[in-house]
Amino acid sequence: EDEDEEVTEEEEEEEEEEEDPEEIQARIEREEAAREIKAEFDSLVAMLEPSACTDGNYFENVMDTMIAALDSLVSWEPESSEMATAKAGNVSMSAAHISALTMISDMQALAKKSGDKRLASSLKWIPKKLGLNPLISICKKGRAPTYRTNRDMRMACRDVERGVSESVLMIASHTALSALSSPARATDFVVTCRPMLEHTMVRDRHAAVLVAGGYFRILAATERPVWEPFKRAFPSNFAHSTWPARAAYPFLEVPARQWAASCGAAEEVATVGLVERITRADTLGDVCEGLRRWAVTEGLKGRVSREAARAAVQEYEGLSSRSLKHQLMRELAGVRKLILQGESDERASWLASVVPLGAHVASLAAARDAETGELLEGQQLIVAANSVLMLAALKEVHFPSQATYSAIAAQINHCGEGQEGLSSAWRSTFDAVCEGVRELLELEEGDEVVRVRLAEVLGGWRMPQLLLQMWELQGDDAECVELLKTLLRAMVSGDPKARIDEIRYRDQRNKQHFDRLDTAVVAKWSAHDGSLPGTDDVEALMMMGEDTRTCMAVHPSNANTQKGMLGYLLQGNTRLLVAGAVRGEDGRARFTARAVARLLLRRDNGETVLFVDRSYFEGERDEEAEAELRAQAQALAEAVGVRLYRAQNTLPPPEALAALDPPKEGGMYPYPAVELVEMGGASPYVWRDGRYDIGLATRG
């Protein structure tokens, strides 16, 4: 006979803690969805086999399959427990994204089997630059990557999604070009893309891969290789300045060829010669990098907005609304038609839009000095190239006068039509920029004043177009636009009261803060005698996000955080501590590490103090550069005679905390808190790093 088993209290508690049926069902559904995503990825990898390309619809089929698979991936909902365990440091990457990592590893192996060693050597940079190789290694050991917070996990997932798309695009393009054009064209494609994969910033690279794929489908199988002319011009020169040139070259060369074909030019555009001369004139490579960004943006313009993507996504049944909010998906859906092999009205329109871009490249390549008749070199060439970039940026901002806007648009679309006047077209471009800036800023000075000052900016600043691109990003914020007007007037106006130092140190709004600080400290801080560590140069402040690739860079993804740049540019209580200088032959420099220092006020006792925010680096953390920045911070505090406070995310040891002389515990935190404030300023936007619990800077 079966005897009744005695149920213990512990077993009763276990029974009471059994998983809720709804949670069980939700977990089963997630596991099933993960299996479906893995099946989609396996199918996609099979389509990338060299033998899979059998007709002209191959690339279209790959794109459609990838868009569907990525839609499933970006729509993946994390488990509810992930949010609950965030503080415990136990957020695991989803099974779906682990499958995606496995696929990236499979594609690396597939590239090695392709028979084209250059494909494998180019493709390896995708997971390497995205930081995916350590994650792939973890997955191969049967474990899931874990993160401290849900936000960190999501950021890693975005990189996985980019890695999938970029790898598929590269392999599929290579396969399609090999089968439908020629193996030589396929090799030309991967060799041309390698510098871009290796050196383009991650946030820009996906768009660049898309545009490069579209450009190579323009070329006929019999056309000469894209990369060969550049290789002859730069046989073994791998100086820092040549990397931006290598990455920019194909995005200038292909449009130039299209322009030459459209107007029946008897001679080829000397794109390589142009890039070579720019590289000699700008050894930091900023102009080539600016030209590359402009060319890629023109290739995608109007096709990756939410409105354009919505229309493109609607062609696919079952895609989620979340894809409309995802930049990668918008780029894929918006550009899909443009890079397919077949013809369409939209593709024809895109090819036509490439021609004006090529015309500007041709005008720069042919640009000559009016007096000597020689091709432009040195600073004069830099002014001409930056004029093109400024003109393109001006076209995106709102003008009071429709006539001026129309003139700028006409100069962009009809620069050097045909071949007549091509060598002098750059001067017309510069004239259009001067007139546009004069009207935009409502300047009363004569045209010659603006021309002289603007030529100084275009020839002296590393990326002057960023100021107008920032204007475009903040165009809906009237207060922000007025502040940018103030800054630009200070750069090109002849009025000494409008100069940048006058604004930073003597503007009444900034004086509200300076007047509350120790007068002796302010005198030392604003002496401009070159004795203080760091710099208050406005261009260096403007470039700090570009050099260290942070949220202060001028980029659509940083539209909200980038407002904080105005506080750095327009307020004199800010200095930039820099390390790891890379200097060009003309003396200009970029920096691989930086930290922002600010004179602030202790709210509790009115003491003037120096606050130094966290250090940022161009790549991985550099301990030597970080030590140099810490030494500069200490030297700056001693030079002006104030106490130093540093941003940090852990409580200082007792002796260091005591040296900061904190107030008694007041219930704000479980430990003594020091509140540092600004008492006013020209900009309403002040940035401080939000991830730190102590060392917060706020407006008083």
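Residues numbered from 1 in each chain as written. Predicted model: local features only at pLDDT ≥ 70, side-chain atom pairs only at ≥ 80, totals over all residues. Heavy atoms only, no water.

**Some thoughts on the overall build of the protein chain**
Helix and strand content of the protein chain: 31 helices and nine strands. Buried positions account for 53% of the 700 residues belonging to the protein chain. Contacts in the protein chain between residues at least 24 apart in sequence constitute 72% of all its contacts with a sequence separation of at least 6. Surface exposure of the protein chain reaches about 31500 Å², of which carbon and sulfur atoms provide 48%. (Helix = DSSP H or I, 4+ residues; strand = E, 2+ residues; numbered from the N terminus. Buried < 20%, exposed > 50% of the residue type's maximum accessible area, 1.4 Å probe, protein only. Contact = heavy atoms within 4.5 Å. Areas by Shrake-Rupley, 256 points an atom, 1.4 Å probe, with all protein chains shown as cover.)

**Quick notes on the packing of aromatic side chains**
Within the structure shown, the criterion is met by six aromatic pairs. With centroids separated by 4.9 Å and ring planes inclined at 25°, the aromatic side chains of Trp227 and Phe230 adopt a geometry described as stacked. Of the two residues, Trp227 and Phe230 both sit in helix H12 (residues 227–233), three residues apart, roughly one turn of that helix. For Trp227, a relative accessible area of 9% corresponds to the buried category. Owing to a relative accessible area of 0%, Phe230 belongs among the buried residues under this scheme. Aromatic side chains Trp227 and Tyr249 sit 6.2 Å apart centroid to centroid with 65° between the ring planes, which places their arrangement in the edge-to-face category. With Trp227 in helix H12 and Tyr249 in helix H13 (residues 242–263), the pair connects residues that are 22 residues apart, well separated along the chain. Taking the relative accessible area as the measure of exposure, Tyr249 reaches 0% and is therefore buried. Among the aromatic side chains, those forming a connected cluster through ring pairs are Trp227, Phe230 and Tyr249. Positioned over the ring face of Tyr616 is Arg614, at 4.4 Å from the centre of the ring. (Phe/Tyr/Trp six-rings, centres within 6.5 Å; stacked < 30°, edge-to-face > 60°. Lys NZ or Arg CZ within 6 Å of the ring centre and 35° of its normal.)

**Let's talk about helix H11 (residues 202–218)**
Across its 17 residues, H11 extends 25 Å between first and last C-alpha, which sits within 8% of the 24 Å expected from 1.5 Å per residue. Along H11, 15 of the 17 residues are buried, which leaves the element largely enclosed by surrounding structure. (Expected span 1.5 Å × (residues − 1).)

**Quick look at helix H15 (residues 286–300)**
Residues lying three or four places apart along an α-helix face the same way, a consequence of the helix completing one turn every 3.6 residues. Taking 1.5 Å per residue, 15 residues should reach 21 Å; H15 reaches 21 Å between its end C-alpha atoms and fits that length. Counting buried positions over the 15 residues of H15 gives 13, a clear majority of the element.

**What to know about the environment of Leu484**
Inspection of the secondary structure assignment puts Leu484 in helix H24 (residues 478–492). In this structure Leu484 comes out as buried when scored by relative accessible area, which is 1%.

**Some remarks on unusual backbone geometry**
Phi at Glu442 takes a positive value of approximately 55°, unusual for a residue other than glycine. Within the secondary structure, Glu442 is located in the loop between helix H21 (425–440) and helix H22 (447–460). Its relative accessible area of 52% is what places Glu442 among the exposed residues. Phi at His528 takes a positive value of approximately 55°, unusual for a residue other than glycine. By the element assignment, His528 lies in the loop between helix H27 (519–525) and helix H28 (538–548).

**Observations concerning the pattern of salt bridges**
What the rule picks out here adds up to 31 salt bridges. We note a salt bridge from Glu607 to Arg602, for which the minimum N-O separation is 4.0 Å. Classification of Arg602 by relative accessible area gives buried; the value is 1%. Two residues, Arg603 and Glu675, come together in a salt bridge whose shortest N-O distance is 3.3 Å. (Salt bridge = Lys/Arg side-chain N within 4 Å of Asp/Glu carboxyl O.)

**Considering the confidence of the model for the protein chain**
Here the protein chain averages 81 in pLDDT, and 81% of its residues register 70 or above. Note that residues 1–7 has pLDDT below 50 and, in this model, two contacts with residues that lie over four places away or in other chains. Low pLDDT, under 50, characterises residues 79–88; the predicted model gives this stretch 13 contacts beyond four residues in sequence or across chains. (pLDDT = per-residue confidence, 0-100.)

**Notes on the side chain of Arg293**
Relative to the assigned elements, Arg293 resides in helix H15. Judged by its relative accessible area of 19%, Arg293 falls in the buried class. At a separation of 2.9 Å, a polar atom in the side chain of Arg293 contacts the side chain of Glu546. Beyond its immediate stretch of four places on either side in the chain, Arg293 contacts Met201, Asp204, Met463, Leu466 and Glu546. (Polar contact = N/O pair within 3.5 Å; in protein donor to acceptor, adjacent residues only side chain to side chain.)

**Things to note about the side chain of Gln632**
Residue placement: Gln632 occurs in helix H30 (residues 623–640). When neighbours within four sequence positions are excluded, Gln632 is seen to be in contact with Pro533, Gly534, Leu577 and Val578.

**Quick notes on empty space enclosed by the protein**
If you walk through the whole model with that rule in mind, you get seven cavities of 30 Å³ or more. The calculated volume of the second largest cavity comes to roughly 70 Å³. Lining the second largest cavity are eleven residues, and of these Tyr568, Arg594, Asp613, Tyr616 and Trp687 lie nearest its centre. Residue classes in the lining of the second largest cavity are distributed as six nonpolar, one polar and four charged. (1 Å grid on protein atoms, 1.4 Å probe; cavity = no way out; pocket = protein on both sides within 12 Å on 5 of 7 lines; lining within 4 Å. Points joined across faces, edges and corners; volume = space filled by probe spheres on them. Nonpolar A, V, L, I, M, F, W, Y, C, P; charged D, E, K, R; others polar.)

**Things to note about the packing of helix H5 (residues 95–113) against helix H8 (residues 133–140)**
It is at 10 Å that the axes of H5 and H8 come closest, and there the two elements cross at 105°. In terms of axis orientation, H5 runs roughly perpendicular to H8. In this structure, H5 uses Ile98, Leu101, Ile104 and Ser105 to contact H8, whose residues at the interface are Leu135, Ile136, Cys139 and Lys140. By residue class, the composition of the contact of H5 with H8 is six nonpolar, one polar and one charged. (Axes fitted to C-alpha atoms, helices over the stretch in contact; angles between N-to-C directions. Parallel < 35°, antiparallel > 145°, perpendicular 65-115°, else oblique.)

**Examining the nonpolar core**
The nonpolar side chains of a soluble globular protein tend to be buried, and buried together. Among the nonpolar cores identified, the biggest contains 119 residues, and Leu48, Val168, Met170, Met196, Tyr215, Phe251 and Leu332 are the most heavily contacted of them. It is helix H9 (residues 150–180) that contributes the most residues to this core, twelve residues altogether. What Val168 contacts, discounting residues up to four positions off in sequence, is Leu44, Leu48, Val62, Met66, Met103, Met107 and Ser173. (Core = buried A, V, L, I, M, F, W, Y, C linked by side-chain atoms within 4.5 Å.)

**Re a negative patch on the surface**
Residues Asp622, Glu623, Glu624 and Glu628 make up a contiguous surface patch of negative charge. With a relative accessible area of 59%, Glu623 lands in the exposed category. (Patch = residues over 30% accessible without salt bridge, like charges linked within 9 Å, V, L, I, M, F, W, Y side chains within 5 Å. Lys, Arg positive; Asp, Glu negative; His and termini not counted. Charge placed at Lys NZ, Arg CZ, Asp CG, Glu CD.)

**Some details on the environment of Arg688**
Residue position: Arg688 is located in the loop between strand S8 (676–678) and strand S9 (697–699). You can call Arg688 partly exposed: its relative accessible area is 27%.

**Focus on a positive patch on the surface**
On the surface, Lys124, Lys128, Lys129 and Arg549 cluster together into a positively charged patch. Position of Lys124 relative to the elements: it lies in the loop between helix H6 (117–123) and helix H7 (125–130). Lys124 gets classed as partly exposed once you look at its relative accessible area, which sits at 39%.

**Re the pairing of strand S4 (residues 589–602)**
In terms of burial, S4 is largely enclosed, as 14 of its 14 residues are buried. As judged from the five bridges shared by S4 and strand S5 (residues 608–612), these two strands associate in the antiparallel manner. Residue pairing in the sheet places Leu599 in a bridge with Leu610 of S5. Linking two consecutive strands that pair antiparallel, namely S4 and S5, is a turn of five residues; a positive phi of about 75° is found at Gly606 within it. Relative to S8, S4 runs antiparallel, the two being bridged by two bridges. (Pairing = 2+ DSSP bridges.)

**So, the environment of Leu473**
Inspection of the secondary structure puts Leu473 in helix H23 (residues 465–473). On the basis of relative accessible area, Leu473 is assigned to the partly exposed category, the value being 23%. With sequence-adjacent residues up to four places away left out, Leu473 is seen in contact with Val554, His555 and Pro556.

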